[in-house]
Amino acid sequence: QVQLVESGGGLVQAGGSLRLSCAGSGAMFSIATMAWYRQAPGKQRELVARIFMGGTTNYADSVKGRFTISRDNAKNTAYLEMNSLKPEDTAVYFCTIRVVGTSGTLFTSWGQGTQVTVSS
C-alpha cells in the first residue's frame with residue numbers, strides 16, 4: 001500500500017495563504033484518486049477537495065474559489081493551495097489516496113495529518 005506524508009501546515013493570519021503537500025510512495029499514484037479532508041475541533045470530518053486520475057476536481061462549497069487541489073504524478077505528490085484563509089479553515093488536514101479496481105476499492109490510505117491554524 002501507499003504511505004502518505006503531509007506537510008506545509010502551520011499558523012497563518014486570516015487572508016493569508018498556505019500550500020499543503022502530500023508525498024506518496026507512488027506505485028499506483030498516477031491512477032489513484034487523491035483527496036484532502038479536514039477535521040476541526042467539535043466538527044465532523046469533511047471532504048475539502050478531490051482530484052481524479054483524469055484531472056477532474058471537486059470542492060466543498062466552503063472552499064470553492066479559494067482552494068485548489070493539484071497533483072504532480074512525476075513527483076508522486078498532491079497539493080492543496082489555500083488562499084484567502086479564514087479562521088473557520090482551522091483544522092487538521094488529511095491527505096488520502098484511493099485505488100479502485102474492477103472488483104471495487106483495492107485500498108485507501110490516509111496520512112497522519114497536518115495542522116492548519118488561521119488566526120483572526
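Residues numbered from 1 in each chain as written. Predicted model: local features only at pLDDT ≥ 70, side-chain atom pairs only at ≥ 80, totals over all residues. Heavy atoms only, no water.

**Considerations on the state of the cysteines**
So, step 1. Considering all chains together, one arrives at one disulfide under this definition.
So, step 2. There is a disulfide in this structure between cysteine 22 and cysteine 95, and the S-S distance comes to 2.0 Å. One disulfide, between cysteine 22 and cysteine 95, carries an S-S torsion of -80 degrees and so falls in the left-handed class. Highlighted residues: cysteine 22 in strand β3 (residues 18-24) and cysteine 95 in strand β9 (residues 91-101), separated in sequence by 73 residues. Taken as a pair, cysteine 22 and cysteine 95 share a single burial class, namely buried. (Disulfide = S-S within 2.5 Å. Helix = DSSP H or I, 4+ residues; strand = E, 2+ residues; numbered from the N terminus. Buried < 20%, exposed > 50% of the residue type's maximum accessible area, 1.4 Å probe, protein only.)

**Things to note about the pattern of salt bridges**
So, step 1. Following the criterion strictly, the structure yields four salt bridges and no others.
So, step 2. As a salt-bridge pair, lysine 64 and aspartate 61 come within 3.0 Å of each other at their nearest N and O atoms.
So, step 3. Between aspartate 89 and arginine 66 there is a salt bridge, and its shortest N-O distance comes to 2.8 Å. With aspartate 89 in the loop between β8 (77-82) and β9 and arginine 66 in the loop between β6 (57-59) and β7 (67-72), this residue pair connects regions lying 23 residues apart in the sequence. (Salt bridge = Lys/Arg side-chain N within 4 Å of Asp/Glu carboxyl O.)

**Digging into the packing of aromatic side chains**
So, step 1. A full pass over the atoms with the stated rule returns two aromatic pairs.
So, step 2. Measuring from ring centre to ring centre gives 5.0 Å for tyrosine 37 and tryptophan 110, while their planes differ by 40 degrees; the resulting arrangement is tilted. Residue tyrosine 37 is located in strand β4 (residues 33-39), and its partner tryptophan 110 is located in strand β10 (residues 104-110); the two are separated by 73 residues in the primary sequence.
So, step 3. Since its relative accessible area comes to 37%, tryptophan 110 is described here as partly exposed.
So, step 4. An angle of 70 degrees between the planes, with centres 6.2 Å apart, marks the rings of phenylalanine 94 and tryptophan 110 as edge-to-face. (Phe/Tyr/Trp six-rings, centres within 6.5 Å; stacked < 30°, edge-to-face > 60°.)

**Some thoughts on the nonpolar core**
So, step 1. Residues Met34, Trp36, Val48, Phe67, Leu80, Met82 and Tyr93 are the most contacted members of the largest nonpolar core, which totals 30 residues.
So, step 2. Every element with two or more residues in this core is listed here: β3, β4, β5 (46-51), β7, β8, β9 and β11 (114-119).
So, step 3. At five residues, the largest contribution of residues to this core is made by β9.
So, step 4. In this view, methionine 82 contacts Gly16, Ser17, Leu18, Leu20, Arg66, Phe67, Tyr93 and Val116; residues no more than four positions away in its chain are not counted. (Core = buried A, V, L, I, M, F, W, Y, C linked by side-chain atoms within 4.5 Å. Contact = heavy atoms within 4.5 Å.)

Limitation: the analysis is restricted to geometry and does not speak to function.
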